[in-house]
Structures are given as structure tokens and as C-alpha cells.
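Fold and contact review
The lines below spell out each chain.
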Amino acid sequence: MTTTKGLEGVVATQSAISSIIDDTLTYVGYDIDDLADNASFEEVIYLLWHQRLPKKEELAELEQQLADNMSLPQAVLDHYKTYDIKTVHPMAALRSAVSMLGLFDDEAEEMNPEANYRKAIRIQAKIAALVTAFARVRSGQEPIAPKSDLSFAANFLYMLSGNLPAAIEEEAFNKALVLHADHELNASTFTARVAVATLSDVYSGVTAAIGALKGPLHGGANEQVMKMLTEIGSVDNVESVINKKLANKEKIMGFGHRVYRKGDPRAKHLRDMSQKLTKIRGEEKWYDMSVKIDEIVTGQKVLPPNVDFYSASVYHSLNIEHDLFTPIFAVSRTSGWLAHILEQYSNNRLIRPRAEYIGPGMQTYVPVEER
Ligand SMILES: CC(=O)SCCNC(=O)CCNC(=O)[C@H](O)C(C)(C)COP(=O)(O)OP(=O)(O)OC[C@H]1O[C@@H](n2cnc3c(N)ncnc32)[C@H](O)[C@@H]1OP(=O)(O)O
Ligand SMILES: O=C([O-])CC(=O)C(=O)O
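If you're wondering where the values come from, they're calculated on a predicted model, not measured in any experiment. Positions within a chain are numbered from 1, following the residues in the order the chain's sequence is written. Think of it this way: whatever chain is written first is A, whatever ligand is written first is 1, and the rest follow in order. Only residues with pLDDT of at least 70 get local features here, since the model is predicted, and only at 80 or more are side-chain atom pairs given and counted; chain-wide, interface and lining totals rely on the full set of residues. To get the side-chain values, all heavy atoms of the structure are used, and hydrogens and water are removed first.

Helix and strand definitions follow DSSP, with helices as H or I runs of at least four residues and strands as E runs of at least two, each counted in order from the N terminus. Counting its secondary structure elements, the protein contains 16 helices and three strands. Here the C-alpha atoms of the protein give a radius of gyration of 21 Å, agreeing with the 21 Å that 2.2 N^0.38 yields for 371 residues. Considering only C-alpha atoms, the protein reaches an extent of 70 × 55 × 45 Å along its principal axes. Relative accessibility under 20% of the residue-type maximum defines a buried residue, over 50% an exposed one, and the middle range a partly exposed one, all with a 1.4 Å probe and only protein chains included. Buried residues in the protein amount to 51% of all 371 residues. Intrachain contacts of the protein at a sequence separation of at least 6 include 76% that bridge at least 24 residues. Positive charges come from Lys and Arg alone, negative charges from Asp and Glu alone, with His and the N- and C-terminal ends not counted. For charged residues, the charge sits on one atom: NZ in Lys, CZ in Arg, CG in Asp, CD in Glu. Treating the 39 positive side-chain charges of the protein as one cloud and the 49 negative ones as another, the clouds have centres 5 Å apart. For the radius of gyration, the atom set is restricted to C-alpha positions; the globular benchmark scales as 2.2 Å times the number of residues to the power 0.38. Here, two residues are considered to be in contact whenever any of their heavy atoms come within 4.5 Å of each other.

Below, the structure is given as C-alpha cells:
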């Protein structure tokens, strides 16, 4: 038996959803640059779930279905008041809340493609409301109902703040959602596929995936990037802090990737957005600091910035609280998880690899009194 630490380079499944080949990311054959510049998040959801772009009426139907399904069961809203919401991390709350949603879905245990697709729509729609309602309840505000005439991106920002977003804010948020939607067999997507390959239900798959995304080596890195930027505080401090971290072999959050070698193609779109939004806000320092960190890290190591690095200053510029960055990643990535869950069901086999045993050899049981 040979083992590969972290399964690096192991091809664990076939998939027709997204690909990373020679540092180029595609969703169903469409280059991420093309989609980031042109597509709405709703179009991308359709693309990932159907493996083709929607026609006009199909897109309108999906938009309507998403808008119609955003409201939450009252019991799920009420449960936010049953724990100390101010001290709970929103990703922990989201993990539990998605699981709880399954308790109120009459079709939760239905295992046919049509029912699973209907659940996918409900989960994708409601996850936006789960994150925004959590944020409002913890700050003592009432959750805001979605508006059916808004895009998914605009609705999220509206449900979060109560204000209709400016065009540039909607554009930036839509782009972030498009860029985060899917990424081949990343850790959380693999987790989702492992969970549902036992023929467990869709809610189990998404709940498991949220748990995997939460960690700072994966989706949790975006919040850590903002923490680092805040701690550094000014452009003048960047050089000394980053050089010290590199000398101490500390990980710089938002850099490095298991698959990309030359660079993450999503980062440049978020970098451009960060530049625009920080300028509009009159808070260019977040962009300037980010660029300087980027120059120092890439000047010393082959460690290009990943999707999490510039997304931090983008979300900060949208007035989003820092611990909501990873839940927002989850809102977008739910579309990819659901696509992979549906694909897994359509051609399922239990995922069960082997472990190379490195423990003690055969031993004989000794009664507790004699140990
Ligand atoms: C959406 C996403 O999930 S994107 C990734 C988000 N995560 C982060 O940004 C966290 C910071 N980055 C990392 O921890 C890693 O680069 C990962 C987890 C993304 C990839 O990990 P792996 O492929 O396992 O690489 P691994 O951690 O083994 O790193 C290889 C080498 O590069 C170094 N390295 C990797 N990333 C970084 C980093 N961000 N800062 C400093 N050094 C790094 C490691 O210390 C290691 O050095 P060594 O060979 O001298 O021991
Ligand atoms: O693919 C990965 O390992 C991590 C990543 O960039 C993502 O999930 O978007």
C-alpha cells in the first residue's frame, strides 16, 4: 500500500462540473474569466446544475424559484434566540441551521432526482436568508424578507443591511458569488460527495460540507486575511510584519494552493474589485496593504494569492462584518456542492478508501485489574 499525505494528486472521481487544467479554471467548459465578466450568479447555478447555460425563460424560472424560496421556517428563525448568538461563530450557526432546515422539509428523505432538485433550489435560496438573518438577530435587529424583484446578489445585500445596494456593490457581490461557486474536488466538495455517497440525504451533504469549509486552511482563510490586515494596520507596517512571519515560517493567510502553481485565476478579479471599492469608500489602505503583502510574499516564495486573499478587502468594503466572510463563501459554494451532490447520486458508488495501518502489531487483551 502506498499513501499520499493529504491525497495530493489523487484523482478520486470523474466530474463534468468544473475543471482546473494548467491553472485554468472552467465551469462546464466556460473559462472563469468569461463568467466573472459576464454571468449572473443565477446563470452559474443553472450551469452547474444542468451542465449548460439557461435559455431566457429557464433563467427567469430559476430566478423566480430562488426568490420565492428564500423565506425561513419560523422555528429556524426562533432557534437563533435559543443560544448565546453573540459568541457563536456564524459558520457554526450555519452548520446547525442548514441541518435544522432539513427537519422542516417534507421531502428531506425523498431520494429521487426531481425531489433532490427541488431541495437544491430550497437550500440554495434559504442559505442566503440563514446568513443574513443570523447577522441581524445577533445585532438585535429583525430579519428582513427578500424582495422578489431583486437578483440573488442584491437580495443578499438587502436582507443583510436593509438597504438596496448600489449598482457597483451588486456587481462586486455577484462577481464574488460567481468566482466562489465551484472548484473541482476541493475539501468541502469532496466532503459533500463522501457524505451523500452513503445515500444519505442532501441536507447531510451540505451540512458536512459547511463543516469542512469552516477551517482556516480552506474557506475560513478569508476571515483570517482580514484579521491579518487589521492587525498590520497600515501600509508602513506591512514589510516588517510579513517578513517576520515568513522568517518564522508562519503561514500567510490567502496565499498558496494545493492545485494552482502559477496562480489562482480568480484572484485578479477580486483584486480589481478591491481597488475599485476601497477607492469609492475612501479606504484605499486595505487595497494598498494587500498589494504590498502580495508583492512581498510572491517576491520571496512561489506562493501566489488565492481566492481568499483579495475577497477580504472586497467584503470589508461592502460593510460586511468579518466573521460573515466565510458564510458568504458557503452561500456561493452551496451551488457547487449541490451540483456535485446531484452528480454523485446520478452515478453513485460508496466512497471508501483504505488507510495504511502504522499502529502496534497484534496484542493480547489484558483485564483492567492487571494493567
Ligand atoms: C478557497 C481555498 O480553500 S484556497 C486556500 C485557503 N487557505 C489559505 O489561504 C491558508 C494558507 N495556505 C495554506 O495553508 C496552504 O497553501 C494550503 C492549505 C492552501 C495548501 O496546502 P498544501 O498543498 O498542503 O501545502 P503545504 O501546506 O504542504 O505547503 C507547502 C509548503 O509551502 C509553505 N506554504 C504553503 N502555504 C503557505 C502560506 N500561505 N504561507 C507561508 N508558507 C506557505 C508550507 O509551509 C510548506 O513549506 P515547507 O515545504 O517548507 O514545509
Ligand atoms: O480547491 C481548493 O483546494 C480550494 C479552493 O480554492 C476552493 O475551494 O475554491
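Looking now at the site of ligand 1. The rule for a residue being near a molecule or strand is that one of its heavy atoms must lie within 4 Å of it. Close to ligand 1 lie 18 residues, the nearest being His218, Lys251, Ile252, Gly254 and Arg258. As used in this structure description, the phrase polar contact means that two N or O atoms lie within 3.5 Å; if the pair is within protein, one of them must be able to donate a hydrogen and the other to accept it, and residues adjacent in sequence are counted only when both atoms belong to side chains. Residue histidine 218 places a side-chain N or O atom 2.7 Å away from an oxygen atom belonging to ligand 1. For the accessible areas, the method is Shrake-Rupley and the probe is 1.4 Å, while residue cover comes only from the protein chains on display. Relative to its free-state accessible area of 910 Å², ligand 1 is covered by the protein chains to the extent of 67%. When residues are assigned to domains, the shell around ligand 1 turns out to be shared by domain 1 (24-219 + 322-346) and domain 2 (233-317), each giving three or more. Domain limits in this description derive from either an automatic procedure or a database domain assignment.

Among the nonpolar cores identified, the biggest contains 108 residues, and Phe173, Ile242, Ile293 and Ile320 are the most heavily contacted of them. If you tally residues by element for this core, the top one is helix 6 (residues 113-138), at 13 residues. Built from parts of two domains, this core gets at least three residues from each of domain 1 (24-219 + 322-346) and domain 2 (233-317). Once you skip the residues sitting within four places of it in the chain, isoleucine 242 turns out to touch Met228, Ile232, Ile252, Ile293, Ile296 and Val297. In plain words, nonpolar cores are sets of buried Ala, Val, Leu, Ile, Met, Phe, Trp, Tyr and Cys residues tied together by side-chain atoms within 4.5 Å.

Turning our eyes to something else, we now look at the pairing of strand 1 (residues 18-21). Of the two faces of strand 1, only the one carrying Ser18 and Ile20 is buried; Ser19 and Ile21 on the other face are not. Strands are treated as partners if at least two bridges between them are detected by DSSP. Across four bridges, strand 1 lies against strand 2 (residues 24-27) in antiparallel orientation. Residue serine 18 lies in a different strand from strand 2, and its bridge partner there is tyrosine 27.

On to the pattern of salt bridges. The working definition used for a salt bridge is a side-chain nitrogen of Lys or Arg within 4 Å of a carboxyl oxygen of Asp or Glu. Counted according to the given criterion, the structure contains 15 salt bridges. Notably, a salt bridge pairs lysine 227 with glutamate 231, separated by 3.9 Å at the nearest N-O pair. Taken together, the positions of lysine 227 and glutamate 231, both in helix 11 (residues 221-232) and four residues apart, correspond to about one turn of that helix. On the basis of relative accessible area, glutamate 231 is assigned to the exposed category, the value being 57%. Taken together, the shared-partner salt bridges in this structure form one network comprising Asp105, Glu107, Arg118 and Arg122.

On to the site of ligand 2, then. Residues in close proximity to ligand 2 include His183, Asn186, His218, His257, Arg266, Phe329 and Arg333, which together make up its full environment. The side chain of histidine 257 places a nitrogen or oxygen atom 2.7 Å from an oxygen atom of ligand 2. Note that an oxygen atom of ligand 2 is positioned 2.7 Å from one of the side-chain N or O atoms of arginine 266. About the coverage of ligand 2: the protein hides 84% of its 260 Å² of free accessible area.

Let us look at helix 9 (residues 187-196). Buried residues of helix 9: Ser188, Thr189, Ala192, Arg193, Ala195 and Val196, and no others. Projected down its long axis, helix 9 shows its buried positions confined to an angular sector of 160°, all on one face. This arc corresponds to the set of directions leading from the helix axis out to the C-beta atoms.

The sheet built from three strands is open, its strands ordered 1-2-3 with antiparallel pairing. Every other strand in the sheet has two partners, leaving strand 1 and strand 3 (30-31) as the edge strands with one partner each. Two strands pair when backbone bridges link them, and strand 2 and strand 3 are joined in this way by two bridges, in the antiparallel orientation. Bridge assignment links threonine 26 to a residue of strand 3, and that residue is aspartate 31.

Often, the extent of an interface is quoted as the loss of accessible area upon association of its parts. Examined at the domain level, the protein breaks down into domain 1 (24-219 + 322-346) and domain 2 (233-317). One C-alpha centre belongs to domain 1, the other to domain 2; they are set 26 Å apart. Domain 1 puts 24 residues into the contact, and the matching count from domain 2 is 20 residues. Buried surface area refers to the total accessible area, computed with a probe of radius 1.4 Å, that the two partners give up upon joining, counted for both partners together. Interface area for domain 1 against domain 2, summed over the two sides, is near 1,800 Å², with a carbon-plus-sulfur share of 67%. For the pair domain 1 and domain 2, the number of links is two salt bridges. One salt bridge in this structure joins aspartate 33 and lysine 268, with 3.0 Å as the shortest N-O distance. At the surface where domain 1 touches domain 2, the tally comes to six residue pairs in polar contact (both at pLDDT 80 or more). Broken down by secondary-structure element, the contributors of at least two residues to the side of domain 1 that touches domain 2 are helix 1 (32-38), helix 8 (167-180) and helix 16 (325-346).

By the secondary structure assignment, serine 332 is in helix 16. Judged by its relative accessible area of 1%, serine 332 falls in the buried class. Once residues lying within four places of it in the same chain are set aside, the contact partners of serine 332 are Phe41, Ala176, Leu177, His180 and Ala181.

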